[in-house]
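# Structural features, examined
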Amino acid sequence: MTTEAVARDAAREAVPRRSAGGAVDLIRLARPIQWSKNALAVPLVLAAGAPWSGANLLRVAWAVLVFCLASSLIYILNDIADRELDRDHPAKRDRPIASGRVSVPAARLYAASLGVALGIAAVVASSIPWWPLYLYVALNLAYSRWLKHVPLLDICVVSAGFGLRAVQGYAATGTPVSGWMLVAVLAACLMLIVGKRRHELATVGSSHRPALRGYNVALADQLLTINAVLATVALLLYVRFDAPVGDLRVALSGVVAPLALFGLFRYLQSVLVRHQGGDPVWTLLSDRVLVADAVLLATVLIVTTALPGS
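Here the structure is a predicted model, which means the values were calculated and not measured.

### A look at the overall build of the protein
- From N to C terminus, the protein includes 14 helices and zero strands.
- Relative to its length of 310 residues, the protein is compact, with a C-alpha radius of gyration of 20 Å against a globular reference of 19 Å.
- Seen through its C-alpha atoms, the protein measures out along the principal axes to roughly 70 × 45 × 30 Å.
- Here the protein holds 310 residues, and 47% of them are scored as buried.
- Long-range contacts, defined as pairs at least 24 residues apart, comprise 73% of the intrachain contacts of the protein with a sequence gap of at least 6.
- For the protein, the centre of its 28 positive side-chain charges and the centre of its 18 negative side-chain charges are spaced 3 Å apart.

What follows is the structure, encoded as structure tokens:
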């Protein structure tokens, strides 16, 4: 038996085997910290010029809630499917299902309950077109079963999930989708996902995620650069052609460009210099400078689109 196999078996033996966990483990299983992805992506339409009426705010908030239910459902199904692989991972082995604190039958019942709640929430707001949500769920079910094992396609599918969140915001308000904004979202999300893959390669190798065998650190660095450039260019093209800012386009470009570039530089510094990026949400939210830059950028976009004459 190889040293790696011995270490793997030892790690599995170290995992506590307990019966179905309590409320804390069920909450952890739903990954509430990841709901921030929905709270950021779905309301992008409000920063992209959708009217800030009470009705629109309510519809966007409802879309965020529904996507939180959907994403938690997908996380649980993924954790059920990946429980054996997660037991070989130094951090993921402490997840509720992989550790044995939540049993598989309990997790399936939990997922079924979320599925019912998701269906009820969509029916209650039946006036909102939910096709991005349905496509998100279908795509992620295919990801959980097959697509996550295909190198390059795996990161594209995850990025598409973020794009569908943004499209759902547009659909909820009836606002035409900006192609350049969508490209910026997809490229930025690809950059974050590649940063996560790079961190995994550098810290735990490729054994716990089969698709990682199609990557190496050099490829990840190239993909980071490509998507960082594409995200910046697409955002500036959005400001130039699609943003409803009237005569403020030139001035807005002069403000957005340095803010966007600094944010990208700061994130790349976190990944390449500080060796972070394993959890993109934590990497972003734990960096106060990066958060301040993002808030300032969002404020500039919102204020300029809300000004009279925009």
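### Considerations on the environment of Val24
- Structurally, the position occupied by Val24 is in helix 2 (residues 23–30).
- Taking the relative accessible area as the measure of exposure, Val24 reaches 61% and is therefore exposed.
- Along the chain, Val24 and Pro96 lie 72 residues apart, while their C-alpha atoms are 9.5 Å from each other.

### Some points on the nonpolar core
- Ranked by size, the top nonpolar core spans 54 residues in total, and within it Leu118, Trp130 and Leu133 carry the most contacts.
- When residues of this core are assigned to their parent elements, the largest contribution, twelve residues, is made by helix 5 (residues 54–81).
- In this structure, Leu133 is in contact with Val66, Phe67, Ala70, Leu118 and Gln168, ignoring residues within four places of it in sequence.
- Formed by 18 residues, the second largest nonpolar core is a distinct cluster that contains Ile193, Leu223, Ala228 and Leu290.

### Regarding the packing of helix 8 (residues 131–145) against helix 9 (residues 153–173)
- Orientation of helix 8 relative to helix 9, taken along the N-to-C sense of each, is 165°, at an axis distance of 8 Å. Between helix 8 and helix 9, the angle is such that the two are roughly antiparallel. Crossing of helix 8 over helix 9 shows left-handed handedness. Residues Trp131, Pro132, Leu133, Leu135, Tyr136, Leu139 and Tyr143 of helix 8 pack against Asp154, Val157, Val158, Ala160, Gly161, Leu164, Arg165, Val167, Gln168 and Ala171 of helix 9.
- Of the residues that constitute the contact of helix 8 with helix 9, the class distribution is 13 nonpolar, two polar and two charged.

### Some words on helix 8
- Between its terminal C-alpha atoms helix 8 stretches 21 Å, which fits the 21 Å expected from 15 residues at 1.5 Å a residue.
- Those residues of helix 8 lying buried are Pro132, Leu133, Tyr136, Val137, Asn140, Ala142, Tyr143 and Ser144.

### Regarding a nonpolar patch on the surface
- A cluster of nonpolar side chains, namely Val116, Ile120 and Val124, defines an oily patch on the protein surface of about 290 Å² accessible area.
- Structurally, Val116 can be placed in helix 7 (residues 104–124).
- For Val116, a relative accessible area of 53% puts it in the exposed group.

### Focus: the pattern of salt bridges
- Under the defined criterion, the tally for this structure stands at 14 salt bridges.
- A salt bridge links Asp86 to Arg95; the shortest N-O distance between them is 3.6 Å.
- Of the residues examined, Arg95 reaches a relative accessible area of 22% and is grouped as partly exposed.
- One salt bridge connects Arg198 with Asp221, and the closest N-O pair in it is separated by 2.5 Å. Here the residue Arg198 occupies a position in helix 10 (residues 179–203), and Asp221 occupies one in helix 11 (residues 217–242), the gap between them amounting to 23 residues.
- In this structure, a network of salt bridges that share partners links the residues Asp25, Arg28, Asp94 and Arg101.

### Details of the side chain of Asp25
- Mapped onto the secondary structure, Asp25 falls in helix 2.
- When neighbours within four sequence positions are excluded, Asp25 is seen to be in contact with Pro96, Arg101 and Val102.

### Considering the packing of aromatic side chains
- A full pass over the atoms with the stated rule returns one aromatic pair.
- If you follow Arg165 out to its NZ or CZ, it ends over the ring of Phe162, 4.7 Å from the centre.
- A cation over an aromatic ring shows up here: Arg240 above the ring of Phe241, its NZ or CZ 5.2 Å from the ring centre.

### Quick notes on unusual backbone geometry
- A positive phi angle, near 55°, is found at Arg31, a position not held by glycine.
- With respect to the helices and strands, the residue Arg31 is situated in the loop between helix 2 and helix 3 (36–41).
- The class of Arg31 is buried, set by a relative accessible area of 15%.
- Residue His275 is not a glycine yet carries a positive backbone phi of 60°.
- Looking at the secondary structure, you find His275 in the loop between helix 12 (249–272) and helix 13 (280–285).

Definitions and cut-offs
Residues numbered from 1 in each chain as written. Predicted model: local features only at pLDDT ≥ 70, side-chain atom pairs only at ≥ 80, totals over all residues. Heavy atoms only, no water. Helix = DSSP H or I, 4+ residues; strand = E, 2+ residues; numbered from the N terminus. Rg over C-alpha atoms; globule rule 2.2 N^0.38 Å. Buried < 20%, exposed > 50% of the residue type's maximum accessible area, 1.4 Å probe, protein only. Contact = heavy atoms within 4.5 Å. Lys, Arg positive; Asp, Glu negative; His and termini not counted. Charge placed at Lys NZ, Arg CZ, Asp CG, Glu CD. Core = buried A, V, L, I, M, F, W, Y, C linked by side-chain atoms within 4.5 Å. Axes fitted to C-alpha atoms, helices over the stretch in contact; angles between N-to-C directions. Parallel < 35°, antiparallel > 145°, perpendicular 65-115°, else oblique. Left-handed = near helix turned anticlockwise from the far one by under 90°. Nonpolar A, V, L, I, M, F, W, Y, C, P; charged D, E, K, R; others polar. Expected span 1.5 Å × (residues − 1). Patch = residues over 30% accessible without salt bridge, like charges linked within 9 Å, V, L, I, M, F, W, Y side chains within 5 Å. Areas by Shrake-Rupley, 256 points an atom, 1.4 Å probe, with all protein chains shown as cover. Salt bridge = Lys/Arg side-chain N within 4 Å of Asp/Glu carboxyl O. Phe/Tyr/Trp six-rings, centres within 6.5 Å; stacked < 30°, edge-to-face > 60°. Lys NZ or Arg CZ within 6 Å of the ring centre and 35° of its normal.

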